[in-house]
Amino acid sequence: MSEDNKPAIVVSDEPGDEKAVAFPTGESAVDGPVEIERLAMLELENVSHSYRTGRKSFDSGTHHVLDQVSLKLYEGETLGIIGRNGVGKTTLLRLMAGILGPTHGTVRIHPGKTASLLTLGLGFQPQLSGRENAYLAAMLQGSTRKQAKSFLGSIEEFSELGESFDEPVKDYSAGMRSRLAFTTALMTHVDILLIDEILSVGDAHFREKAQTAMKSRITGEQTVVFVSHATSEVKSLCSRVIWLEKGKVMAEGDSTTVVDAYLQHVKDSRVVVREKEVVAAR
Amino acid sequence: MPLSQYFRLVDTMARMALRADAMKFYLGYLWWILEPLLWVGMFYLVFVVLMQFREPNFLMFLATGKLAFIWFSKTVTQASNTIVGGRGLVGKIKVPMTLFPLAAVHEGLYRQVVVFALLFAFLMLDGYSVTSTWWYLVPVLVVNYIMIVACSFIGACLVCMARDFSQLIQLGMMFLMFTSGIFWDVRTLSPETAALVMNLNPVAFVLDAYRQIAMHNTPPDMVHLALIGAVFSAIVFAMVLVIRGSSQYLALKAITA
């Protein structure tokens, strides 16, 4: 990895075609020298991602998902990614996990490190029991048969599925499914954990339990990228946040600043929409 | 992913898929036996009872050809749709893409063990004796398996690139069914035509090999068999490289289609 790392906390100078939002950078700059020492586990350099759909559509079939995104992920940090639906958050995670490749730019992962994407519902087989699905999911995430078997006890216990653990998943309620999915995902052990909208599961009781479990995982040595709509969770879990807007990095910096700016932006655009509606109504 | 883990995963996925499949039906695993039985029953009804084919051994001739062919056609058709069908998983986890078609191939393989066991039981009941020539079935089965893997890999890639290939594969299987000598004997053709069919269509050669061994106690042309095995092994090897090299492209195609 190159040693000329910039401070990890940077405010983008290219805020996309949206109106620019200013961020106080003073606070984050203080952390700069400390960040330089850290090992970049994963690096995206000018990454763009677009694809053509097979059938012709209004945009001549090309979808531009990410546009010139650059970012670094440091060892042991929890990086949050926020943004509205469809701004490319999931695609960004898929690029980081190596599932997809960039159309332009480079994705570099530190040699020997593995990244795995955690997301709800790892393709459950509805006919099979929760136990069998959990076993298969654990194996797909790289466990050996023995390891997968050894996880089953704790998955059964944590998911609180009781006897249902041995019943077909097709008979599960939505809450039961997500409990199983979350617990199965929690068992993965990788260097970089990429988490996509995983904490909004089950009832209040289970959600709290899931958050506590996730927090203890995140606050440890684990390097995490965390995508969520739940901005309060992002604030409490992440040390650094990136805000994506229309496929570009709108802002990057400490979590409170970026989340607040994002929320303000969402609020402002709602006002603009409402004003437009009022004008249209007249 | 280490190779041992890869094959363990293939095996687990295949067995889970078989279990899930069996759970869908009231008769469950019984279908493994029922399906080949019904095929043979149907042939008997159509060709022996209705059309009054008096040719000796015609029923066993048909059963051997058809039941071996179904292994190929069903597996390749099913495996071709696996990457696209598994897009929920493809978008979430980085695993070798060959895993998906190969799991389907093994699903078919485990099922076929029962089908072949039944077929050979039928043959023995019909008076065919098991001789040492039957050992030749082993290389024929291996080559048949390699052919299935190769075609499944190609099919899975093609369907990933464009769904339309799924239709073409189905039509192709129908075409193969008519040109591989299932309902007619390749050996009744003129020697030149028979040689041409067997050279151009490896499926016809393999089906004929099964019959030669099990029904006529004659070993197949081993050079020809080895050649088919070598060509399809090379295809498998090439396809593994192609799929590995284009896994991100295939993932994108599967996710966005």
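What counts and what doesn't
- Residues numbered from 1 in each chain as written.
- Chains lettered and ligands numbered in written order.
- Predicted model: local features only at pLDDT ≥ 70, side-chain atom pairs only at ≥ 80, totals over all residues.
- Heavy atoms only, no water.
- Helix = DSSP H or I, 4+ residues; strand = E, 2+ residues; numbered from the N terminus.
- Contact = heavy atoms within 4.5 Å.
- Areas by Shrake-Rupley, 256 points an atom, 1.4 Å probe, with all protein chains shown as cover.
- Buried < 20%, exposed > 50% of the residue type's maximum accessible area, 1.4 Å probe, protein only.
- Buried area = accessible area lost by both parts, 1.4 Å probe.
- Salt bridge = Lys/Arg side-chain N within 4 Å of Asp/Glu carboxyl O.
- Polar contact = N/O pair within 3.5 Å; in protein donor to acceptor, adjacent residues only side chain to side chain.
- Nonpolar A, V, L, I, M, F, W, Y, C, P; charged D, E, K, R; others polar.
- 1 Å grid on protein atoms, 1.4 Å probe; cavity = no way out; pocket = protein on both sides within 12 Å on 5 of 7 lines; lining within 4 Å.
- Points joined across faces, edges and corners; volume = space filled by probe spheres on them.
- Pairing = 2+ DSSP bridges.
- Expected span 1.5 Å × (residues − 1).
- Arc of directions from axis to C-beta.
- Axes fitted to C-alpha atoms, helices over the stretch in contact; angles between N-to-C directions.
- Phe/Tyr/Trp six-rings, centres within 6.5 Å; stacked < 30°, edge-to-face > 60°.
- Lys NZ or Arg CZ within 6 Å of the ring centre and 35° of its normal.
- Parallel < 35°, antiparallel > 145°, perpendicular 65-115°, else oblique.
- Left-handed = near helix turned anticlockwise from the far one by under 90°.

**So, the overall build of chain B**
Part 1 of the argument: Counting secondary structure elements, chain B contains twelve helices and zero strands.
Part 2 of the argument: In chain B, the share of contacts with a sequence separation of at least 24, taken over all contacts with a separation of at least 6, comes to 78%.
Part 3 of the argument: Surface exposure of chain B reaches about 12,200 Å², of which carbon and sulfur atoms provide 70%.

**Comments concerning the overall build of chain A**
Part 1 of the argument: Within chain A one finds eight helices and nine strands.
Part 2 of the argument: Out of the 282 residues belonging to chain A, those deemed buried represent 52%.
Part 3 of the argument: Partitioning the intrachain contacts of chain A with sequence separation of at least 6 by distance along the chain shows that 70% fall at a separation of at least 24.
Part 4 of the argument: Total accessible area computed for chain A in this model is approximately 13,500 Å², and 51% of it derives from carbon and sulfur atoms.

**Some points on the interface of chain A and chain B**
Part 1 of the argument: Across the contact, 28 residues belong to chain A and 28 residues belong to chain B.
Part 2 of the argument: Carbon and sulfur atoms make up 64% of the area that chain A and chain B hide from each other, which totals about 2,500 Å².
Part 3 of the argument: Summed over the shared surface of chain A and chain B, the number is two salt bridges.
Part 4 of the argument: Linking Arg 145 of chain A and Asp 11 of chain B is a salt bridge whose minimum nitrogen-to-oxygen distance equals 2.6 Å.
Part 5 of the argument: Counting every contact that joins chain A to chain B gives seven residue pairs in polar contact (both at pLDDT 80 or more).
Part 6 of the argument: Those elements that place two or more of their residues in the side of chain A that touches chain B are strand S1 (40–52), helix H2 (89–97), strand S5 (115–119) and helix H3 (130–140) of chain A.
Part 7 of the argument: Residue contributions to the side of chain A that touches chain B peak at five residues, all from H3 of chain A.
Part 8 of the argument: Partitioned by chemical class, the residues of the side of chain A that touches chain B number twelve nonpolar, twelve polar and four charged.

**What to know about the pattern of salt bridges**
Part 1 of the argument: On inspection of all chains with the given rule, the structure shows 20 salt bridges over all chains.
Part 2 of the argument: With a shortest N-O distance of 2.6 Å, Lys 209 of chain A and Glu 160 of chain A are connected by a salt bridge. Taken as a pair, Lys 209 of chain A in helix H6 (residues 204–218) and Glu 160 of chain A in the loop between helix H4 (145–159) and helix H5 (174–186) lie far apart in primary sequence, 49 residues in all.
Part 3 of the argument: What makes Glu 160 of chain A partly exposed here is its relative accessible area of 34%.
Part 4 of the argument: Between Glu 107 of chain B and Arg 111 of chain B there is a salt bridge, and its shortest N-O distance comes to 3.3 Å. One end of the pair, Glu 107 of chain B, and the other, Arg 111 of chain B, are both in helix H6 (residues 99–125), four residues apart, so they sit about a helical turn from each other.
Part 5 of the argument: Taking the relative accessible area as the measure of exposure, Glu 107 of chain B reaches 8% and is therefore buried.
Part 6 of the argument: Put simply, Glu 43, Glu 45, Lys 72 and Arg 108 of chain A are held in one network by salt bridges that share partners.

**Focus: the layout of surface pockets**
Part 1 of the argument: Of the pockets and cavities examined, the second largest pocket occupies roughly 1,100 Å³.
Part 2 of the argument: The wall of the second largest pocket is formed by 45 residues, among which Ala 17, Asp 21, Gln 78, Glu 107 and Arg 111 of chain B lie closest to the centre.
Part 3 of the argument: Going through the elements one at a time, H3 of chain A together with helix H1 (3–24), helix H2 (30–50), helix H3 (58–80), helix H4 (82–85), helix H5 (87–90) and H6 of chain B are the ones with two or more residues in the lining of the second largest pocket.
Part 4 of the argument: Per element, the largest residue contribution to the lining of the second largest pocket is eight residues, and it comes from H6 of chain B.

**Side note on the pairing of S1 of chain A**
All names here are of chain A.
Part 1 of the argument: The element S1 is extensively covered by neighbouring structure, given that ten of its 13 residues are classed as buried.
Part 2 of the argument: Note: S1 against strand S2 (residues 62–74), nine bridges, orientation antiparallel. By the bridge assignment for S2, Glu 43 is matched with Lys 72.
Part 3 of the argument: Relative to strand S4 (residues 104–109), S1 is paired through five bridges, and the arrangement is antiparallel. Note on S4: the bridge partner recorded for Leu 42 is Ile 109.

**Structural notes on helix H11 (residues 222–245) of chain B**
All names here are of chain B.
Part 1 of the argument: When the terminal C-alpha atoms of H11 are compared, their 34 Å separation across 24 residues agrees well with the 34 Å that a helix rising 1.5 Å per residue should span.
Part 2 of the argument: Among all positions of H11, only His 224, Leu 225, Ile 228, Gly 229, Phe 232, Val 236, Met 239 and Ile 243 are buried.
Part 3 of the argument: Those residues of H11 that are buried lie in contact with helix H7 (137–161), helix H9 (191–200), helix H10 (202–216) and helix H12 (247–256).

**Points about H9 of chain B**
Residues and elements named next belong to chain B.
Part 1 of the argument: Those residues of H9 lying buried are Ala 194, Val 197 and Met 198. Projected onto a plane normal to the axis of H9, the buried residues spread over an arc of 95° and lie on a single side. Exposed residues pointing more than 90 degrees away from the buried face of H9 are listed as Glu 192, Asn 199 and Leu 200.
Part 2 of the argument: In this structure, the buried side of H9 is in contact with helix H8 (164–179), H10 and H11.

**Regarding the sheet that holds S4 of chain A**
Residue and element names in this part refer to chain A.
Part 1 of the argument: Spatially, three strands are ordered S2-S1-S4 in an open sheet, and the strand pairing comes out antiparallel. Whereas interior strands pair on both sides, the edge strands pair on one side only; in this sheet they are S2 and S4. Between one strand and the next, the sheet's axes are offset by a mean angle of 15°, whatever the strand orientation.
Part 2 of the argument: Packing against the sheet, H2 makes contact with S1, S2 and S4, and its axis sits at approximately 60° to S2.

**Description of the packing of aromatic side chains**
All names here are of chain B.
Part 1 of the argument: Across all of its chains, the model carries 17 aromatic pairs over all chains by this definition.
Part 2 of the argument: With 5.7 Å between their ring centres and 90° between their planes, Trp 71 and Phe 116 make a pair best called edge-to-face. Within this pair, whereas Trp 71 is found in helix H3, its partner Phe 116 is found in helix H6, the two being separated by 45 residues in sequence. For the pair shown, Trp 71 and Phe 116 are each scored as buried.
Part 3 of the argument: What makes Phe 116 buried here is its relative accessible area of 7%.
Part 4 of the argument: Of the aromatic side chains, those joined through ring pairs into one cluster are Trp 39, Phe 43, Phe 47, Phe 58, Phe 61 and Phe 183.
Part 5 of the argument: Taking NZ or CZ as reference, Arg 211 lies 3.6 Å from the ring centre of Phe 61, over its face.

**Some words on the packing of H3 of chain A against H4 of chain A**
Two quantities define a packed helix pair, namely the angle between the helix axes and the distance between the axes.
Residues and elements named next belong to chain A.
Part 1 of the argument: Packing of H3 against H4 leaves a shortest axis separation of 9 Å and a crossing angle of 130°. Taken together, H3 and H4 sit at an angle that is classed as oblique. Classified by chirality, the crossing of H4 by H3 is right-handed. Across the interface between the two elements, Arg 131, Ala 134, Tyr 135, Ala 138 and Met 139 of H3 pack against Arg 145, Ala 148, Lys 149, Phe 151, Leu 152, Ile 155 and Glu 156 of H4.

Purely spatial values, then, with no claim about function.
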